[in-house]
Amino acid sequence: MKKLVFTILGCMLAAVSSTAQMQWNQKYQQYINQYKDIAIEQMQRWGIPASITLAQGLFESGAGQSRLAVKGNNHFGIKCNGWDGRKIYQDDDTDGECFRAYESVYQSYEDHSRFLANGKRYASLFNYETTDYRAWAKGLKAAGYATNPQYANKLIELIQLYKLYQYDNAKGYDKFMIDHTKSNQLNSVSLHPIKIFNKNYYLIARKGDTFESIGKEIGVSYKKIAKYNERDKRDQIEAGEVIWLKKKQKKAPKDYKDRLHYVRNGESMYSIAQKYGIRVKSLYKLNGLNPEHEIRVGEGLKLR
């Protein structure tokens, strides 16, 4: 009996650990989706590998969940040395150490680039290729960026686990995400996480959201956002709705080529189109249906 109890307990703990790890991985991937474009932009301006910037941001800020990141938009753990801006205090190597605080996440990324580019101790790093993330990681540790003896290994592990090295070869970036990052002001309400699907960006609406409030948050005309979602700009938005931030596609991603969506109770052509980021007109066309067609529960719909 004891053996059985321990076996069950072990399985339960493993399940809890697996769930926690999955949630943590999702947070990390969400962070990457949110900030990869700014990391690429910084690489093209300053010559710092995007993979290194992202890995440092992930590690130093706990994927944006640390107190320094939440309260001070400080994603890289940079302290106050030579800093005239706003400050935030936190225990680190000693009690109550002074850290830099920023008005936006973009400012944190920009200051990180300047910190490395203008710091004499990091000058040798810029002799490495932007595709040599291992050399950069080891060089940062050797130059004293962090006291953690495993710092270089941690960065390399993150880069390999999340394939961040792919961004070191990027030729361009999405300005939309750069602008959204710049708008992340400390005094603003908590921003909606931006997610990616079907070559588009979307967010999940909260209670009280309107097209106008979302437009102000992301810096896009609320009339355009309503149009992208095939709605009237005065329409009410329900909590939990998917709101697309760019014009929707005509088809679902390639993964859905041989897959059907089977209609569930309460769904409409509009809600299904929203789910997959497809225009309603295109969904009708893909299935050879006219707008007067009333879908039935269990009916299979092509998505591509």
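Residues numbered from 1 in each chain as written. Predicted model: local features only at pLDDT ≥ 70, side-chain atom pairs only at ≥ 80, totals over all residues. Heavy atoms only, no water.

Caption draft 1: Region of interest: helix 5 (residues 133-142). Those residues of helix 5 lying buried are Tyr133, Ala135, Trp136, Ala137, Gly139 and Leu140. The inward-facing, buried residues of helix 5 contact helix 2 (50-61), helix 4 (105-118) and helix 6 (151-161). Following helix 5 by one or two positions, Gly144 adopts a phi angle in the positive range, close to 90°. (Buried < 20%, exposed > 50% of the residue type's maximum accessible area, 1.4 Å probe, protein only. Helix = DSSP H or I, 4+ residues; strand = E, 2+ residues; numbered from the N terminus. Contact = heavy atoms within 4.5 Å.)

Caption draft 2: Focus on the pattern of salt bridges. Within this structure, the stated rule accounts for 15 salt bridges. Across the pair Arg45 and Glu41 runs a salt bridge whose closest N-O atoms are separated by 3.8 Å. Within this pair, Arg45 and its partner Glu41 are both found in helix 1 (residues 2-46), separated by 4 residues, close to a single helical turn. Arg100 is the partner of Asp111 in a salt bridge, and the nearest nitrogen-oxygen pair spans 2.8 Å. Taken together, the positions of Asp111 in helix 4 and Arg100 in strand 2 (residues 97-100) put the pair 11 residues apart, joining distant regions of the chain. Residue Arg100 is classed as buried on the basis of its relative accessible area of 7%. Salt bridges sharing partners connect three or more residues here, namely Glu41, Arg45, Glu110 and Arg114. (Salt bridge = Lys/Arg side-chain N within 4 Å of Asp/Glu carboxyl O.)

Caption draft 3: Up close: the confidence of the model for the protein chain. In the predicted model, the protein chain carries a mean pLDDT of 89, and the fraction of residues at 70 or more is 89%. The low-confidence segment residues 16-20, where pLDDT is below 50, has 0 contacts with residues more than four positions distant or belonging to other chains. (pLDDT = per-residue confidence, 0-100.)

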